[in-house]
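# A look at the structure
Listed below, chain by chain, are the residues.
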Amino acid sequence: MAQQLLRQTNSKLLSLYPSHSHTSAKFVLCHQTEISRQPLVCMSVWEKDRKSGYNFKRIKPKLKHVSDGQKTLDPEMEMWVQEKKQKFGGEPSILSAGQHEDCKCVWNFHGREKVDAWKVTADSDNKQGFSQANFVFSQNRTGLFYGHLSRQVPKDGVTKRAGYCSIRSPTKYPEDVHDWSSFTHLLLKIRGDGRTYMLVISMKRHFDVYWHDQYHYALFTQGGPYWQTAKVPFSKFYATSKGRIQDKQAPIQLDQVSHLGITLGDDNEGPFSLEIDSISLTYDENHEEQFAYE
């Protein structure tokens, strides 16, 4: 009898919350002895997929799959050729010991295809707000991240806060991870608008409870027409999960970096603009700090 009542209650929960049926959350009945009209609902920590429910499946016709495959064949072959060139005597390998002021450019935005490879996201893309973001190749041969940040909350009864725009680096081919363990700082040549952005380093994890581990640190920009070089030590980045700062902190595993992102969510509604020339890595032998937090 109790099991039957539990199944009926869970089916009612799914009918009351249909928007959660495609997410990774599970509904769990917490109080099984006495069931009220508004039962208590808990969310489990188990993750079904890495997208946390934003991985919507779109059915494509077979001809569309074939045409898309042909479009990606040439870029994939070009990346394969570059991989073989690096393997058989291309770029010199970086010494693990590192030399003072060693510098390596990871991304530059001097070509339109390099800018288009980055992914742009705003809260409006996920139906969680009305912000707009773009990342385009500018006339100065740089990447221009611009748009309008809106704090207006959709009237859906679910969203409580809104207002974020972000860009994210493409997936590295073929290893899927970056090895930055030979470097101590991140270098960004930028021209900003005086707003504070957020640098986000994503990690490659195998277990679902760690899929959303990230490291954050603020990127302070100067207003005006002049370029600036932001030098950010990796020791200053702090651990987060799903945007929440974690009580237990640990240094970044720099050999397991999957993506780098830049996010704006400073609660200041209005237009924004961030011009990016390049993103590099450097080694500073005078930097002795291993981790800034406990």
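Above this text you will find the structure in question.
Heads up: these notes are all about the structure in this document. In this text, all values refer to a predicted model and were calculated from it rather than measured experimentally. (Residues numbered from 1 in each chain as written. Predicted model: local features only at pLDDT ≥ 70, side-chain atom pairs only at ≥ 80, totals over all residues. Heavy atoms only, no water.)

## Notes on the overall build of the protein
Scanning the protein from N- to C-terminus turns up 3 helices and 15 strands. Out of the 294 residues belonging to the protein, those deemed buried represent 34%. Residue pairs in contact within the protein that sit at least 24 positions apart in sequence constitute 73% of those at least 6 positions apart. Counting every atom, the protein has about 19,400 Å² of accessible surface; 52% of that belongs to carbon and sulfur. (Helix = DSSP H or I, 4+ residues; strand = E, 2+ residues; numbered from the N terminus. Buried < 20%, exposed > 50% of the residue type's maximum accessible area, 1.4 Å probe, protein only. Contact = heavy atoms within 4.5 Å. Areas by Shrake-Rupley, 256 points an atom, 1.4 Å probe, with all protein chains shown as cover.)

## Points about the sheet that holds strand E9 (residues 196–203)
If you walk across this open sheet you meet the 7 strands as E4-E7-E14-E9-E10-E12-E13, and the pairing is antiparallel. The sheet terminates laterally at strand E4 (119–122) and strand E13 (244–245), the two strands that pair on one side only. (Pairing = 2+ DSSP bridges.)

## A look at the nonpolar core
Counting 39 residues, the largest nonpolar core has Trp180, Leu186 and Ile201 as the members making the most contacts within it. Of the residues forming this core, the biggest block, 5 residues, is contributed by strand E15 (residues 270–282). If near-sequence neighbours (up to four positions away) are discounted, leucine 186 is found in contact with Trp180, Leu199, Ala230, Lys231, Val232, Phe234, Phe237, Leu260, Ile279, Ser280 and Leu281. (Core = buried A, V, L, I, M, F, W, Y, C linked by side-chain atoms within 4.5 Å.)

## Some thoughts on unusual backbone geometry
One non-glycine residue, arginine 141, adopts positive backbone phi at about 60 degrees. Mapping arginine 141 onto the fold places it in the loop between strand E5 (132–137) and strand E6 (143–149). At lysine 242, a position not held by glycine, the phi torsion is positive, near 55 degrees. Checked against the element boundaries, lysine 242 lands in the loop between strand E12 (238–241) and E13.

## Examining the pattern of salt bridges
All told, the structure shown has 6 salt bridges when counted by the stated rule. The partner of aspartate 266 in a salt bridge is arginine 195, with the nearest N and O atoms 2.9 Å apart. With aspartate 266 in the loop between strand E14 (257–264) and E15 and arginine 195 in the loop between strand E8 (185–191) and E9, this pair connects stretches of sequence that are 71 residues apart. For arginine 195, a relative accessible area of 11% translates into the label buried. For glutamate 289, the salt bridge is made with lysine 236, and the minimal N-O distance between the two is 3.6 Å. Remark: lysine 236 occurs in the loop between strand E11 (228–233) and E12 and glutamate 289 occurs in the segment after E15; sequence separation between them is 53 residues. For lysine 236, a relative accessible area of 27% gives the class partly exposed. (Salt bridge = Lys/Arg side-chain N within 4 Å of Asp/Glu carboxyl O.)

## Focus on the pairing of E6
Only one face of E6 is covered, namely the one carrying Gly143, Phe145, Gly147 and Leu149; the face carrying Leu144, Tyr146 and His148 has none of its residues buried. Two successive antiparallel strands, E5 and E6, enclose a turn made up of 5 residues, where arginine 141 displays a positive phi of approximately 60 degrees. Pairing geometry for E6 and E15, over 7 bridges, is antiparallel. The partner of glycine 143 across the bridge, within E15, is isoleucine 276.

## Considering the packing of aromatic side chains
Working definition: an aromatic ring pair is given by the centre-to-centre distance plus the angle between the planes. Across all of its chains, the model carries 11 aromatic pairs by this definition. Look at tyrosine 217 and phenylalanine 237: their rings are 6.0 Å apart centre to centre, the planes differ by 50 degrees, and that puts the pair in the tilted class. With a gap of 20 residues between them, tyrosine 217 in strand E10 (residues 213–220) and phenylalanine 237 in the loop between E11 and E12 connect regions that are remote in the sequence. Accessibility expressed as a relative area gives 0% for phenylalanine 237, which makes it buried. Within the aromatic cluster, the residues linked to one another by ring pairs are Trp107, Phe109, Trp118, Phe135, Trp180, Tyr217, Phe234 and Phe237. (Phe/Tyr/Trp six-rings, centres within 6.5 Å; stacked < 30°, edge-to-face > 60°.)

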